[in-house]
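Each chain is listed here by its residues.
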Amino acid sequence: MLSLSTLILTLSCLAPTATAAHSAVAFAPQEPAVVAAEASVAPAISHEERLKRTLIYTTGSRYVLQLVLDTVLESEIERRQKAGVFVGKVDVSAEEVQAEVKRRLDMVMAQDPTMDFWSMVRAQGFTEATFAQELRRGMIAQRMFFPANPEEWPVAQIEEILGDQWQSYLKKDYDIMLEKKAAGEALEPLNDQMLNQFLMPGVWQYLRIGGKIQKPSSGLPEGVSLMVNGKEFRTDDILATITPMLSDTDRRWAETFLANLELLEADLKKSGHYMSQADFDTFFQEEGKVYEGTIISHEMMVLQFLGFPSMEIYRDYLRARRSFHGLLPEDTSEQYLTMLDEMVSARGNFYGAGKVQAEVLLVSAREKATGKFRMEGDPFDSAQERAEEVRQILADGEPFDSVLLQYSDYPESVAGSANSMPQPNRGRFQALSRNDLRGFLLENDYTDFLFGYSVSDDIFFRAELNAVYGPIKGPLGFYFYRVINREAPQKEIDLMNDVNAQWMVNDDLLGMRYIAHLNSLRKAAASAAAAESAK
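Residues numbered from 1 in each chain as written. Predicted model: local features only at pLDDT ≥ 70, side-chain atom pairs only at ≥ 80, totals over all residues. Heavy atoms only, no water.

1. Comments concerning the overall build of the protein chain
Each helix and strand in the protein chain was counted, giving 21 helices and 8 strands. Computed over its C-alpha atoms, the radius of gyration of the protein chain comes to 25 Å, within 12% of the 24 Å expected for a compact globule of 535 residues. In terms of principal-axis extent, the alpha carbons of the protein chain reach across some 75 × 60 × 55 Å. Out of the 535 residues in the protein chain, the part that is buried amounts to 48%. Put simply, of all contacts in the protein chain between residues at least 6 apart along the chain, 71% involve residues at least 24 apart. A total accessible area of about 25,800 Å² is found for the protein chain, and carbon and sulfur atoms account for 52% of it. (Helix = DSSP H or I, 4+ residues; strand = E, 2+ residues; numbered from the N terminus. Rg over C-alpha atoms; globule rule 2.2 N^0.38 Å. Buried < 20%, exposed > 50% of the residue type's maximum accessible area, 1.4 Å probe, protein only. Contact = heavy atoms within 4.5 Å. Areas by Shrake-Rupley, 256 points an atom, 1.4 Å probe, with all protein chains shown as cover.)

2. Concerning the packing of helix H2 (residues 47-57) against helix H10 (residues 235-242)
Their axes nearest at 10 Å, the elements H2 and H10 cross at an angle of 45 degrees. Accordingly, the angle class assigned to the pair H2 and H10 is oblique. Relative to H10, the crossing made by H2 is left-handed. In contact with Glu49, Lys52, Arg53, Leu55 and Ile56 of H2, H10 contributes Thr235, Asp236, Ile238, Leu239 and Ile242. For the contact of H2 with H10, the residue count by class is 5 nonpolar, 1 polar and 4 charged. (Axes fitted to C-alpha atoms, helices over the stretch in contact; angles between N-to-C directions. Parallel < 35°, antiparallel > 145°, perpendicular 65-115°, else oblique. Left-handed = near helix turned anticlockwise from the far one by under 90°. Nonpolar A, V, L, I, M, F, W, Y, C, P; charged D, E, K, R; others polar.)

3. Examining the side chain of Ser217
Looking at the secondary structure, you find Ser217 in the loop between strand E3 (213-214) and strand E4 (224-228). The exposure class of Ser217 is buried, given its relative accessible area of 12%. Within polar-contact distance, the side chain of Ser217 engages the side chain of Arg315 at 3.3 Å. (Polar contact = N/O pair within 3.5 Å; in protein donor to acceptor, adjacent residues only side chain to side chain.)

4. Structural notes on the nonpolar core
Phe146, Trp153 and Leu226 are the most contacted members of the largest nonpolar core, which has 133 residues in total. The element contributing the most residues to this core is helix H3 (residues 61-83), with 9 residues. Residue contacts for Trp153: discarding those within four places in its chain leaves Phe145, Phe146, Pro147, Ile158, Trp166, Leu170, Tyr174, Met177 and Leu190. (Core = buried A, V, L, I, M, F, W, Y, C linked by side-chain atoms within 4.5 Å.)

5. Focus on helix H12 (residues 277-289)
Relative to the 18 Å expected for 13 residues at 1.5 Å per residue, H12 spans 18 Å between its end C-alpha atoms, a close match to the ideal helical length. Listing the buried residues of H12 in full gives Phe280, Asp281, Phe284, Glu287 and Gly288. Projected down its long axis, H12 shows its buried positions confined to an angular sector of 125 degrees, all on one face. On the buried face of H12, the contacting elements are helix H13 (298-305) and helix H14 (311-324). (Expected span 1.5 Å × (residues − 1). Arc of directions from axis to C-beta.)

6. Overview of the packing of helix H7 (residues 155-162) against helix H8 (residues 164-182)
For any two helices packed against each other, one specifies the crossing angle of their axes together with the interaxial distance. At their nearest, the axes of H7 and H8 sit 8 Å apart, and the two run at 140 degrees to each other. With respect to H8, the element H7 is oriented oblique. Of the residues in H8, those in contact with Val155, Ile158, Glu159 and Leu162 of H7 are Asp164, Gln165, Trp166, Leu170 and Tyr174. In terms of residue class, the contact of H7 with H8 is built from 6 nonpolar, 1 polar and 2 charged.

7. Observations regarding the environment of Arg62
Looking at the element boundaries, Arg62 is found in helix H3. Residue Arg62 is classed as buried on the basis of its relative accessible area of 6%. Sequence separation between Arg62 and Ile242 is 180 residues, and the spatial gap between their C-alpha atoms is 9.5 Å.

8. A short note on the pattern of salt bridges
Applying the stated criterion across every chain, the model contains 32 salt bridges. Residue Arg386 is joined to Asp409 by a salt bridge in which the shortest nitrogen-to-oxygen separation is 3.4 Å. Within this pair, whereas Arg386 is found in helix H16 (residues 379-395), its partner Asp409 is found in the loop between helix H17 (400-407) and helix H18 (434-440), the two being separated by 23 residues in sequence. A single network of salt bridges, built from pairs that share partners, joins Glu100, Arg103, Arg104 and Asp192. (Salt bridge = Lys/Arg side-chain N within 4 Å of Asp/Glu carboxyl O.)

9. Notes on the packing of aromatic side chains
Per the counting criterion, the structure on display carries 30 aromatic pairs. Summarising the aromatic geometry, the rings of Trp118 and Phe131 are spaced 5.8 Å apart at their centres and angled 90 degrees between planes, so their arrangement reads as edge-to-face. Residue Trp118 is located in helix H5 (residues 117-123), and its partner Phe131 is located in helix H6 (residues 128-145); the two are separated by 13 residues in the primary sequence. On the accessibility criterion, Phe131 (0% relative accessible area) is buried. One aromatic cluster is present, formed by Phe257, Phe280, Phe284, Phe308, Tyr314, Tyr317, Phe324, Tyr446, Phe449 and Tyr514 through successive ring pairs. A cation sits over an aromatic face here: Arg80 above Phe145, 4.6 Å from the ring centre. Lying over the aromatic face of Phe380, Lys473 brings its terminal NZ or CZ to 4.6 Å of the ring centre. (Phe/Tyr/Trp six-rings, centres within 6.5 Å; stacked < 30°, edge-to-face > 60°. Lys NZ or Arg CZ within 6 Å of the ring centre and 35° of its normal.)

10. Some remarks on the sheet that holds strand E8 (residues 477-487)
Reading across the sheet, the 3 strands line up as E6-E8-E7 and stay open at both edges, with antiparallel pairing between neighbours. Both edges of this open sheet fall to strand E6 (355-364) and strand E7 (469-474), since each of them pairs with a single strand only. On average, adjacent strands in this sheet sit at an angle of 35 degrees to one another, irrespective of strand direction. Packing of H17 onto the sheet brings it into contact with E6 and E8, and relative to E6 it is tilted by some 50 degrees. (Pairing = 2+ DSSP bridges.)

11. Description of the sheet that holds E4
Strands sit in the order E3-E4-E5 across an open sheet of 3 strands; the sheet is antiparallel. Every interior strand has two partners, whereas the edge strands, E3 and strand E5 (231-234), have only one. Here E4 runs beside E5; their pairing, made up of 4 bridges, is antiparallel. Each residue of the ladder has a partner; that of Met227, found in E5, is Glu232. Sitting on the sheet, H10 touches E4 and E5, and the angle it makes with E5 is about 60 degrees.

12. Comments concerning unusual backbone geometry
At the junction of Gly470 and Pro471, the peptide bond is cis and its omega measures out at 5 degrees in the coordinates. Within the secondary structure, Pro471 is located in strand E7. The phi dihedral of Asn229 is positive, around 50 degrees, even though this residue is not glycine. By secondary structure assignment, the location of Asn229 is in the loop between E4 and E5. Taking relative accessible area as the criterion, Asn229 reaches 34% and is therefore assigned partly exposed.

13. Comments concerning the pairing of E4
Burial within E4 is extensive, with 5 of its 5 residues counted as buried. Relative to E4, E3 runs antiparallel, the two sharing 2 bridges. Within the sheet, the bridge partner assigned to Ile213 lies in E4 and is Val228. Joining the antiparallel neighbours E4 and E5 is a turn of 2 residues, in which Asn229 adopts a positive phi near 50 degrees.

Here is the structure:
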């Protein structure tokens, strides 16, 4: 049986994210490669334009991907028309789209009649209009590549797209369809699961690779946030479309991200450590090569594991982070080696695959059905009021375990997740690795940059056994927690000979120092602002 989000979605190039305890929805866009900036000096971009772009490439990242796929599909239609080869019935009427919307809605209602279909659609990053646009493009692409008549399939192109999978996976079905066609028998269309999960992702990837895609990091001028195959998409036009998707919290987080980034950029430029665009492009390409030939792509690592809403946002973050590396002592210096030893002493439980068993009471700031923030106001305000009530109950002497069972917003389990996956169990977690714990608290590199700290790290490394802490604000809302037990590392850290250990500790050191430096800049900026207002 297909999941509800699979029934709703048709964005075939999506890949499931790591399971998160807060949401019934878990998909993230896989982005195409971006054309590097020209060697010439990049145009000056105003703060206002950067903020708009930040909104577009955070909350609006799904829509950006839609625009990219729409345009590369249009280019494929034009290519086929000029070449005089099969195009297919690409004129999809509004009635056909609405019929497809109804079909999906009926499928979802049949699986769960209590489901709010359009709330789930919005939670996936669509408005009703962009969802219809998404369905329309999917219908066109399927008619072009896998039409009902197998004799019209562009077999040579499909073979190029699928490679070895054509012979091992699809050709047998194709031959059977041809035989039925020749015999005059009725043909059944390919099912949704085969199309959307196995065939169409390759098609979209093939089309994107053949396109010229330029984003702000490519050096686009003020007022332009995307260019695909020479077609410009104006910043204000994109923003107007995604505005119905933007909650007040989305706006605050975008403002925070940009404010943090600009503090770092100004500081690094002042000290002469900010990387040139050319140097960063080279570094970024080298980072991507690490994932070539592996089951995890660069995009998957960034979007699903590091938690960034888009590769464009990650590039901004990474350029400042890598530039900050120049402020650290030389890697071979005694001072730096001492810093590494200190990291191993303080955080060896993480590097050595240790675990922690903790209980976490979540007072959520998000809507339970969708995992999203409400559109208006600050949902953390109401969550904080409820957290204060919980704090007072605990202060009055109620046992933590009973208060957790009564007030925690963690579910018992995540619907649709594999039985082998750790479950939230209302917040009574089994022994977890640091990364699994961060997943349940919805923490990652992106949220660390926004909040300036990690609640998970306090639980994993510092909290005293059986002591109750909280409420502490985090990505899901407010947390109360206590540590039941810590399991010792399963392996020793050999920085001299273990290349993987060397990379992990060095990267962790850079990340911690980067966030600490950002926090010092934020504190200085706040002090300066307070002094200015006091004049």
